[in-house]
Each structure stands twice: as structure tokens, then as C-alpha cells.
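Structural characterization, general
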Amino acid sequence: MVRRGFTTVVSNLIFFIGALVAVSVAVTAITMMIQNVQTAMEQKTAITVGKTQTMIDIVDGGADGNYLWVYVKNTGRTKLDVNDMDVYIDGRYRGSCNGGSVFCNVCGDANCSNIGDYVLDPGETMEVNTPWPAASGSWEVKVVAGNGAATDPYTVVLP
Amino acid sequence: MNAVEELILFSAAVVVAALAVFTLYPLVQTAAGRGVTASQQIASRGSFCIMSVYSGSNETNIYIYGLQGTLRLEPRVYVDGMDVNVVSYGILRDRDGDGYLDARDLAYVEINAGILDGNLHRVTVWVGREVSELSVLKNGDPGNCPT
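Residue positions within a chain follow its written sequence, with the count starting from 1. Starting at A for chains and at 1 for ligands, labels are handed out in the order in which the entities are written. For a predicted model such as this one, the threshold for reporting local features is a pLDDT of at least 70, and the threshold for listing and counting side-chain atom pairs is 80 or more; totals across whole chains, interfaces and linings nevertheless cover every residue. Note that the side-chain values use all heavy atoms of the structure and ignore hydrogens as well as water.

**Things to note about the domain arrangement of chain B**
The split into domains, and so the bounds of each, comes from an automatic or database assignment of domains. According to the domain assignment, chain B contains domain 1 (3-34) and domain 2 (45-136). Domain 1 of chain B and domain 2 of chain B are separated by 53 Å when their C-alpha centres are compared.

**A closer look at the state of the cysteines**
Note on disulfides: each one is a pair of cysteine sulfur atoms within 2.5 Å. Across all of its chains, the model carries two disulfides over all chains by this definition. One disulfide bridge connects Cys-97 of chain A with Cys-104 of chain A, the sulfur atoms lying 2.0 Å from each other. Between Cys-97 of chain A and Cys-104 of chain A the sulfur-sulfur dihedral comes to about -75°; the bridge is accordingly left-handed. The partner cysteine of Cys-49 of chain B in its disulfide is Cys-145 of chain B, sulfur to sulfur 1.9 Å. Here the S-S torsion is close to 90°, and the disulfide linking Cys-49 of chain B with Cys-145 of chain B is therefore right-handed. On the criterion of sequence distance, the pair formed by Cys-49 of chain B in strand E1 (residues 47-55) and Cys-145 of chain B in the segment after strand E10 (130-136) is long-range, its members being 96 residues apart. Neither Cys-49 of chain B nor Cys-145 of chain B differs from the other in exposure class; each is buried. Counting from the N terminus, the helices are the DSSP runs of H or I reaching at least four residues and the strands are the DSSP runs of E reaching at least two. The cut-offs for exposure are 20% and 50% of the maximum accessible area for each residue type, with area from a 1.4 Å probe on protein chains only; residues under the lower value are buried, those over the upper are exposed, and the others partly exposed.

**A few points about the sheet that holds strand E10 (residues 154-158) of chain A**
Residue and element names in this part refer to chain A. Pairing between two strands is assigned when DSSP locates at least 2 bridges connecting them. The four strands are arranged E5-E4-E9-E10 in an open sheet whose pairing can be described as antiparallel. Only two strands of the sheet have a single partner each, and these edge strands are strand E5 (92-96) and E10. On average, adjacent strands in this sheet sit at an angle of 30° to one another, irrespective of strand direction. Helix axes are fitted to C-alpha atoms over the stretch in contact, other axes to C-alpha atoms as well, and angles between N-to-C directions run from 0 to 180 degrees.

**Considering the sheet that holds strand E6 (residues 103-106) of chain A**
Residues and elements named next belong to chain A. Strand order in this open sheet of four strands is E1-E2-E8-E6, and the pairing throughout is antiparallel. Each edge of the open sheet is held by one strand with a lone partner, namely strand E1 (56-63) and E6. Going from strand to strand, the sheet's axes swing by 20° on average, the running direction of each strand aside. One ladder, built from seven bridges, connects E1 with strand E2 (residues 67-74); its direction is antiparallel. Residue pairing across strands places Ala-63 opposite Leu-68, the latter belonging to E2.

**A look at the side chain of Asn-147 of chain A**
Its place among the elements puts Asn-147 of chain A in the loop between strand E9 (137-144) and E10. Side-chain polar atoms of Asn-147 of chain A contact the side chain of Thr-54 of chain A, separated by 2.9 Å. When near neighbours in sequence (up to four residues on either side) are disregarded, Asn-147 of chain A contacts Gly-50, Lys-51 and Thr-54 of chain A together with Tyr-65 and Arg-104 of chain B. Side-chain atoms alone can form a polar contact between residues adjacent in sequence; in general such a contact is a pair of N or O atoms within 3.5 Å, and within protein one must be able to donate a hydrogen while the other accepts it. In this description, contact between two residues means that some pair of their heavy atoms is separated by no more than 4.5 Å.

**Some remarks on the pairing of strand E9 (residues 121-127) of chain B**
Residues and elements named next belong to chain B. Among the seven residues of E9, five are classified as buried, and the element is accordingly described as predominantly covered. Relative to E9, strand E4 (residues 75-79) is paired through five bridges, and the arrangement is antiparallel. What sits directly across from Tyr-78, in E9, is Thr-124. Pairing between E9 and E10: seven bridges, direction antiparallel. Bridging across to E10, Val-127 finds its partner in Glu-130. If you look at the hairpin formed by E9 and E10, you'll find two residues sitting between the two strands, and Gly-128 has a positive phi there, around 65°.

**With respect to the interface of chain B and chain A**
Contact with chain B, which involves 39 residues of that partner, is made by 40 residues of chain A. Taken together, both faces of the contact between chain B and chain A bury some 3400 Å²; the carbon and sulfur share is 65%. Salt bridges are identified by distance alone: a Lys or Arg side-chain nitrogen within 4 Å of an Asp or Glu carboxyl oxygen. Note that Glu-59 of chain B is salt-bridged to Arg-92 of chain A, the shortest N-O span being 2.8 Å. Summed over the shared surface of chain B and chain A, the result is 16 residue pairs in polar contact (both at pLDDT 80 or more). Mapped onto the side of chain B that touches chain A, the elements with two or more residues apiece are helix H1 (3-34), helix H2 (36-43), E1, strand E2 (60-68) and strand E6 (86-93) of chain B. Considering every element that reaches the side of chain B that touches chain A, the biggest residue donor is H1 of chain B, with 15 residues. Residue type decides the class: Asp, Glu, Lys and Arg count as charged, Ala, Val, Leu, Ile, Met, Phe, Trp, Tyr, Cys and Pro as nonpolar, and the leftover types, Gly among them, as polar. Of the residues assigned to the side of chain B that touches chain A, the class counts are 24 nonpolar, 10 polar and five charged. Accessible-area loss on putting two parts together, using a 1.4 Å probe and summing over both, is the definition of buried area adopted here.

In C-alpha cells form, the structure reads like this:
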């Protein structure tokens with residue numbers, strides 16, 4: 001009798017190997033994808049949580065014809081990197097803190113006469129100062145933290 | 001084929017299968033890792049908001065802020081539904097320096113001056129397939145970013 005092709009055992013083995021490899025590949029790929037999605041969701045949640053715990057307010061401000069300044073207080077529960085903040089005047093991007101024409105310093109004492117570090121802790125106030133040569137006028141200042149939390153616009157008036 | 005031969009063949013098959021799996025595992029892992037973009041985009045689709053609009057005598061700047069995901073900054077702008085020329089655009093604050101608008105990045109889109117003329121205007125910005133729209137009357141009006 002002439003035997004042709006694979007025996008049942010051999011063909012079963014080929015299927016077995018194929019199935020094992022296919023399942024392994026599928027499991028690995030799906031696991032990786034689930035991990036990726038999970039990581040992305042965690043990052044998203046972290047950003048949202050960080051933002052909901054961040055509150056900043058402009059508590060005072062002024063201008064003298066040469067400079068414009070505001071005092072920003074951290075009224076939230078998260079520490080904020082001063083150099084990660086952006087400043088807008090009348091809706092125009094003025095710059096980032098200490099990135100050029102905007103100077104930001106955390107107040108080291110109640111009168112803000114001493115300069116602190118570059119982390120705005122909860123309850124701390126920082127001075128934001130920028131050259132602003134203008135004889136008179138009023139300007140709306142807004143400060144935005146790195147995570148997008150922003151102050152309400154604060155109007156600085158120079159009579 | 002007797003039982004012993006079948007057993008030997010089966011053992012050999014298990015070894016071959018194991019070798020194949022161990023060889024393929026890192027390859028599949030790398031391929032699935034490249035799929036990060038696809039799966040992460042599903043989980044965290046790119047989006048942005050309009051932080052502010054400033055219209056001066058020389059230029060009008062629209063400041064957009066990345067909320068999540070990653071977007072290639074190729075903006076199109078419409079004012080009151082009319083397509084307007086984008087003069088220039090760029091990222092002002094690129095936190096990871098990759099040249100894309102990521103979450104927490106800030107970019108500007110410059111269009112022609114004098115858009116804000118005292119009337120309420122609807123500014124629509126498209127970046128890729130994402131869109132953000134803001135009605136703005138004057139400089140300093142609040143944007144549509146969540147606070």
C-alpha cells in the first residue's frame with residue numbers, strides 16, 4: 001500500500017504548533033494594546049485630577065508707567081512650577097514666567113520683599129512683573145498654570 | 001507509527017512551538033508597541049481649546065492650548081464661517097520639544113489683522129480633524145479652555 005501525504009498524527013501536530021503560535025501572538029498583541037490604553041487613560045486622569053486641585057487667583061496688581069505687575073496666589077492644593085506659567089495681557093501672550101520679558105518670583109515673606117524659590121506652594125503668593133511703558137490705560141491680565149488652570153482676568157488700571 | 005514515535009514527534013513539536021513563540025514574542029511586542037499611537041489615540045484622542053484671541057493693528061493671534069493627545073500643527077481658521085488666510089503658526093511652549101501640539105503645549109496661529117472690529121465674531125480653528133470654536137467680541141475675552 002502506498003502512503004501519501006501526512007499521517008493524522010503529523011497533521012495534528014502541525015495544527016497544534018500553528019494554534020499555539022497564533023494564540024501566543026494574539027495574547028501578546030492584545031496585552032500590549034490594553035496596557036497602552038490603560039497608560040493613556042491613567043495619564044488623562046492624572047491631568048484631570050491635577051487640574052481640579054489647582055486654583056490660582058490674582059489678588060492685587062498695578063502699573064506705574066514703566067512696569068505692570070500682579071500678585072498671584074496659589075489657592076489650590078497642588079504645588080506649581082513658576083517657570084511653567086504663562087501670562088496674557090488683553091488676551092495677547094506676553095510670555096512665560098522667566099522666559100524673557102516676564103519675571104516671576106515667589107514671595108519669600110508677607111510683603112514680598114524677599115524672593116523665594118520657583119515653586120508656588122499652596123497658600124503662597126508670587127509677583128509677576130513685566131516692562132510696560134504706558135502713560136495710562138487699563139489692561140486685563142490673566143495667568144495660566146502649566147496644567148491649564150487659569151486666573152480670572154484681573155484689570156490693572158493706570159489713571 | 002507506534003506510540004513511542006508519536007511521543008517523540010509530539011515532544012519535538014512542543015519544542016518547535018516553544019522556539020517559535022519565544023522568537024516571535026519580542027517581534028510582536030515591538031509591533032504592538034508601535035501600535036501605541038493607534039491605541040493611545042483611541043484612548044486619548046487629540047484635542048485642543050482656544051486659550052485667547054488677540055487682534056491688533058498688525059496681526060491677529062489665536063492662542064491654542066493642547067488638552068490631550070498629540071496633534072500635528074497644521075491649522076485652518078474660519079471667521080464667521082469664512083476661510084481666512086493663516087499667515088503663520090508655531091508652538092510657543094513645546095514642553096517635550098517634539099514639534100507637535102501635545103497636552104499642555106501652547107501654540108499660536110496668526111491670521112490677518114483687524115478681525116475684532118467691535119462686533120461679535122465666531123472664530124473656528126481646525127487642527128487635523130479636531131476643531132475648536134469661540135465667539136469673541138474684544139481682546140481679553142475668555143477662551144473656551146476648561147478652567
